[in-house]
Amino acid sequence: MVLQVPPERCLIVAEVAQTHEGSLGLAHAFIDAAARAGADAIKFQTHIAAAESTPGEPWRVKFSRQDATRYDYWRRMEFSAEQWQGLKEHADERGLLFLSSPFSGAAVELLTRVGVAAWKIASGEVNNLPLLEQMASTGWPMLLSSGMSGWAELDRSVAWVRARDLPLMVLQCTSAYPCPPEQVGLNVMTDMQARYGCPVGLSDHSGTIYPGLAAATLGAQIIEVHLTLSREMFGPDVPASITSAELAGLVEGVRFIERMRAHPVDKDAMAGSLAPLRHLFTKSVVAAVDVPAGTVLQAEHLTVKKPGTGIPAERLSAVVGKRTRRDLVADHLLQPDDFEDDAHA
């Protein structure tokens, strides 16, 4: 399946990254979890240690007691071509778009054979022209993540993709794990929309569903969130991830927001359609006490109560000073013909 997103629908991507911990079985479990939660796509990262790193690559954060070096960690995250093909086929069976970010030319070659719905370009690869050239040669759509790029670098990358006439989506992203609310940058997403005139979205690392819901309200066409099966799982991405139950809530919320955005309300027309309810919820002028015929009504004789089928509450002051034509009992909803001097109070 190649990425095709209707303008009125937001693509929700469940990012597994390395949370599978090198376990093929767990990677497949993530596909099932994402499908059950209602995601549109599942995304992995394809690491081939020897092709992307030197043995001396430093740790971003030394989190693993199992791996002596970060290079060792990347090796443990590798799957064979046949295993990647199996993951792709499983995603197809569950109706999910299959995505994986490549981090080397060898990974691009592998994924080209397997097939991805689009190329998700990680934040650190936005200016990697050899890698971009290799991906562009397939003609497949490109999803640019902007987590470590300023405007100048991002402008160049967008122009580069457009010069090759490739479908493009740009994602606001902040490379912080987890990302605090002050750094999510929803304003940048809307700036991208105005600046590039292409579909935009949010790659969120907050570990909550809130930025995704806010982004959908602002018109995001793609939302990517990291997925974990439990907050007690091991791995560097878990603190920046949401659970499968939370993913289901995000999907439900985004679909609700889409329906709201697709149906703008005419306030006057809506008020007209709700007119019958006004009688139930609004109030009328009523007698606060028993009032004999011939009484000149004062404020203390009157109050307002439901239902709204009599003289509207807003006209109470106009009733003060009227003379009653008949005896009125407490709680009687006043009507215009209850007064001697004005049949249209």
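Residues numbered from 1 in each chain as written. Predicted model: local features only at pLDDT ≥ 70, side-chain atom pairs only at ≥ 80, totals over all residues. Heavy atoms only, no water.

1. Side note on unusual backbone geometry
At step 1: Between Tyr177 and Pro178 the backbone carries a cis peptide bond, its omega angle lying at -5 degrees.
At step 2: Summarising the element assignment, Pro178 is placed in the loop between β6 (168-173) and α8 (186-196).
At step 3: The linkage connecting Lys306 with the following residue, Pro307, adopts the cis geometry, with an omega of 5 degrees.
At step 4: In this structure, Pro307 sits in the loop between β11 (302-305) and α13 (316-319).
At step 5: One non-glycine residue, Glu21, lies in the positive phi region at around 60 degrees.
At step 6: Topologically, Glu21 is positioned in the loop between β1 (11-17) and α1 (24-37). (Helix = DSSP H or I, 4+ residues; strand = E, 2+ residues; numbered from the N terminus.)

2. With respect to the packing of aromatic side chains
At step 1: Evaluated as defined, the whole model comprises 7 aromatic pairs.
At step 2: Between Tyr73 and Trp74, the aromatic rings sit 5.3 Å apart at their centres with planes inclined by 50 degrees, giving tilted as the arrangement. Neither residue differs from the other here; Tyr73 and Trp74 are each classed as buried.
At step 3: Where Trp84 meets Phe98, the ring centres are 6.5 Å apart and the plane angle is 65 degrees; that geometry is what we call edge-to-face. With Trp84 in helix α4 (residues 81-93) and Phe98 in strand β3 (residues 97-102), this residue pair connects regions lying 14 residues apart in the sequence.
At step 4: Overall, the relative accessible area of 1% leaves Trp84 in the buried class.
At step 5: Positioned above the aromatic ring of Trp160 is the side chain of Arg164, whose terminal nitrogen or guanidinium carbon lies 3.7 Å from the ring centre. (Phe/Tyr/Trp six-rings, centres within 6.5 Å; stacked < 30°, edge-to-face > 60°. Buried < 20%, exposed > 50% of the residue type's maximum accessible area, 1.4 Å probe, protein only. Lys NZ or Arg CZ within 6 Å of the ring centre and 35° of its normal.)

3. Re the pattern of salt bridges
At step 1: Scanning the entire structure with this criterion turns up 15 salt bridges.
At step 2: Here Lys43 and Glu15 are joined by a salt bridge, their closest N and O atoms 2.5 Å apart. Taken together, the residues span a long stretch of sequence, with Lys43 in strand β2 (residues 41-46) and Glu15 in strand β1 at a distance of 28 residues. As far as burial versus exposure is concerned, Lys43 and Glu15 are alike and both buried.
At step 3: The partner of Asp155 in a salt bridge is Arg195, with the nearest N and O atoms 2.8 Å apart. Within this pair, whereas Asp155 is found in helix α7 (residues 151-163), its partner Arg195 is found in helix α8, the two being separated by 40 residues in sequence. (Salt bridge = Lys/Arg side-chain N within 4 Å of Asp/Glu carboxyl O.)

4. Quick word on the environment of Pro7
At step 1: Looking at the element boundaries, Pro7 is found in the segment before β1.
At step 2: Among the residues examined, Pro7 registers a relative accessible area of 67% and is labelled exposed.
At step 3: Taking the C-alpha atoms as reference, Pro7 lies 14 Å from Val170; in sequence the two are 163 residues apart.

5. Points about the packing of α7 against α8
At step 1: Close contact between α7 and α8 brings their axes to 12 Å; oriented N to C, the two are set at 45 degrees. With respect to their mutual orientation, α7 and α8 come out oblique. Note on packing geometry: the crossing formed by α7 with α8 is right-handed. On α8, the residues touching Trp151, Leu154, Asp155, Val158 and Arg162 of α7 are Val188, Asp191, Met192, Arg195 and Tyr196.
At step 2: Class assignment of the residues belonging to the contact of α7 with α8 gives a composition of 6 nonpolar, no polar and 4 charged. (Axes fitted to C-alpha atoms, helices over the stretch in contact; angles between N-to-C directions. Parallel < 35°, antiparallel > 145°, perpendicular 65-115°, else oblique. Left-handed = near helix turned anticlockwise from the far one by under 90°. Contact = heavy atoms within 4.5 Å. Nonpolar A, V, L, I, M, F, W, Y, C, P; charged D, E, K, R; others polar.)

6. Let's talk about the packing of α1 against α4
At step 1: In contact at an axis separation of 10 Å, α1 and α4 are set at 20 degrees when each is read in the N-to-C sense. Relative to α4, the element α1 lies roughly parallel. Two packed elements cross with a definite hand, and for α1 against α4 that hand is right-handed. Contacts from Leu24, Ala27, His28, Ile31 and Asp32 in α1 reach Gln83, Gly86, Leu87, His90 and Ala91 in α4.
At step 2: Its residues assigned to classes, the contact of α1 with α4 shows 5 nonpolar, 4 polar and 1 charged.

7. Topic: the side chain of Ser145
At step 1: Mapped onto the elements, Ser145 comes out in strand β5 (residues 142-145).
At step 2: Not counting residues up to four positions away in its chain, the partners in contact with Ser145 are Lys120, Ile121, Ala122, Ser123, Val126, Leu171, Cys173 and Ser203.

8. With respect to α8
At step 1: Turning to α8, its buried residues are Met189, Met192 and Tyr196. All buried residues of α8 project into a common sector of 55 degrees when viewed along the axis, lining one side.
At step 2: Buried residues along α8 sit in contact with α7, β6, β7 (200-204) and α9 (210-217).
At step 3: Among the residues trailing α8, Gly197 stands out with phi positive, at a value near 60 degrees. (Arc of directions from axis to C-beta.)

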